[in-house]
Amino acid sequence: MTLTAGITKAGTGIEGISWNILGQTYVPKTLCESSFSWHATFPPGTFVPPHIHPTQDEFIYLFEGRLDLMLDGKDFIATAGDVIRLPMGLPHGIFNKQDQTVKCFFWVSPTRKLYDLFWAIHSMKEQKPEEVVALSARHEVMFLPPPAE
């Protein structure tokens, strides 16, 4: 996977790809061995449960809306124009608790198995939580158990 020169046009993804991942829309924008990026749309009420990337740093730039985040057990809020930094190994969860759609840009470094994971989740007939968790673990994303009540 070598980075190729060019432009991924607005409103499109690499080779026209658009994925449904846990109720969000992910559109891949760049892909090479050292980095992978995608545009994400989070409808109201959607989220990515707390998880860890043990082999990747992750970043999010917020274009529109607000995200509530759990970062290493602490609560944070990000709004339009903010950059969220998620070092590898840091537990984090991403939540749209508002009534407004969130639009943001994610990137990870290095790519590792995340691109393949998104294809696999998108291709599932039904994205059942326990199956997504097991699949993710095989692709170096470790979901955390729900908090004890």
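Scroll up to find the structure.
So, here is what we can say about the structure in this document.

**Topic: the overall build of the protein chain**
- When helices and strands are counted, the protein chain shows two helices and eleven strands.
- What you see in the protein chain, going N to C, is helices and strands ordered as β-β-β-β-β-β-β-β-β-β-α-α-β.
- Its C-alpha radius of gyration of 15 Å places the protein chain within 12% of the 15 Å reference for a compact globule of 149 residues.
- In terms of overall dimensions, the protein chain has C-alpha extents of about 50 × 35 × 30 Å along its principal axes.
- Sorting the 149 residues of the protein chain into buried and exposed places 40% on the buried side.
- When contacts within the protein chain are restricted to residue pairs at least 6 apart in sequence, long-range pairs at least 24 apart make up 65% of them.
- Charged side chains of the protein chain number 12 positive and 16 negative; the gap between the two group centres comes to 3 Å.

**Here's the deal with the environment of Val-133**
- When you line up the elements, Val-133 lands in helix α2 (residues 129-138).
- Along the sequence, Val-133 and Asp-99 sit 34 residues apart, while their C-alpha atoms lie 27 Å from each other.

**A few points about the sheet that holds strand β3 (residues 36-42)**
- Read across the open sheet, the six strands follow the order β1-β2-β3-β10-β5-β8; overall the sheet is antiparallel. The outermost strands of the open sheet, each flanked by one partner alone, are β1 (19-21) and β8 (83-86). For this sheet, the mean angle separating the axes of adjacent strands, direction not counted, is 25°.
- Of the strand pairs in this sheet, strand β2 (residues 24-31) and β3 are connected by six bridges, and their pairing is antiparallel. Counterpart to Pro-28 in the pairing with β3 is Trp-38.
- Sitting on the sheet, helix α1 (residues 114-123) is in contact with β1, β2, β3 and β10 (102-109), with an inclination near 85° to β1.

**Quick word on the pairing of β2**
- Pairing between β1 and β2: three bridges, direction antiparallel. From the neighbouring strand, Ile-21 faces β2, where its bridge partner is Gln-24.
- The turn linking β2 back onto β3 is made up of four residues.

**So, α2**
- Within α2 the residues assigned to the buried category are Val-132, Leu-135 and Ser-136. Buried residues of α2, seen end-on, are gathered within an arc of 100° and therefore sit on one face of the element. With respect to the buried face of α2, the exposed residues turned more than 90 degrees away are Glu-130 and Arg-138.
- Elements that come into contact with the buried residues of α2 comprise α1 and β11 (142-143).
- One or two residues past the end of α2 sits Glu-140, with phi positive at roughly 70°.

**Thoughts on the packing of α1 against α2**
- Viewed as axis vectors pointing N to C, α1 and α2 meet at an angle of 160°, and their least axial separation amounts to 10 Å. The angle between α1 and α2 places the two elements in the roughly antiparallel class. For the pair α1 and α2, the crossing hand works out as right-handed. For the pair α1 and α2, contact is made by Leu-117, Ala-120 and Ile-121 and by Val-132, Leu-135 and Ser-136, respectively.
- For the contact of α1 with α2, the per-class residue count stands at five nonpolar, one polar and no charged.

Each value, and the rule that gives it
- Residues numbered from 1 in each chain as written.
- Predicted model: local features only at pLDDT ≥ 70, side-chain atom pairs only at ≥ 80, totals over all residues.
- Heavy atoms only, no water.
- Helix = DSSP H or I, 4+ residues; strand = E, 2+ residues; numbered from the N terminus.
- Rg over C-alpha atoms; globule rule 2.2 N^0.38 Å.
- Buried < 20%, exposed > 50% of the residue type's maximum accessible area, 1.4 Å probe, protein only.
- Contact = heavy atoms within 4.5 Å.
- Lys, Arg positive; Asp, Glu negative; His and termini not counted.
- Charge placed at Lys NZ, Arg CZ, Asp CG, Glu CD.
- Pairing = 2+ DSSP bridges.
- Axes fitted to C-alpha atoms, helices over the stretch in contact; angles between N-to-C directions.
- Arc of directions from axis to C-beta.
- Parallel < 35°, antiparallel > 145°, perpendicular 65-115°, else oblique.
- Left-handed = near helix turned anticlockwise from the far one by under 90°.
- Nonpolar A, V, L, I, M, F, W, Y, C, P; charged D, E, K, R; others polar.

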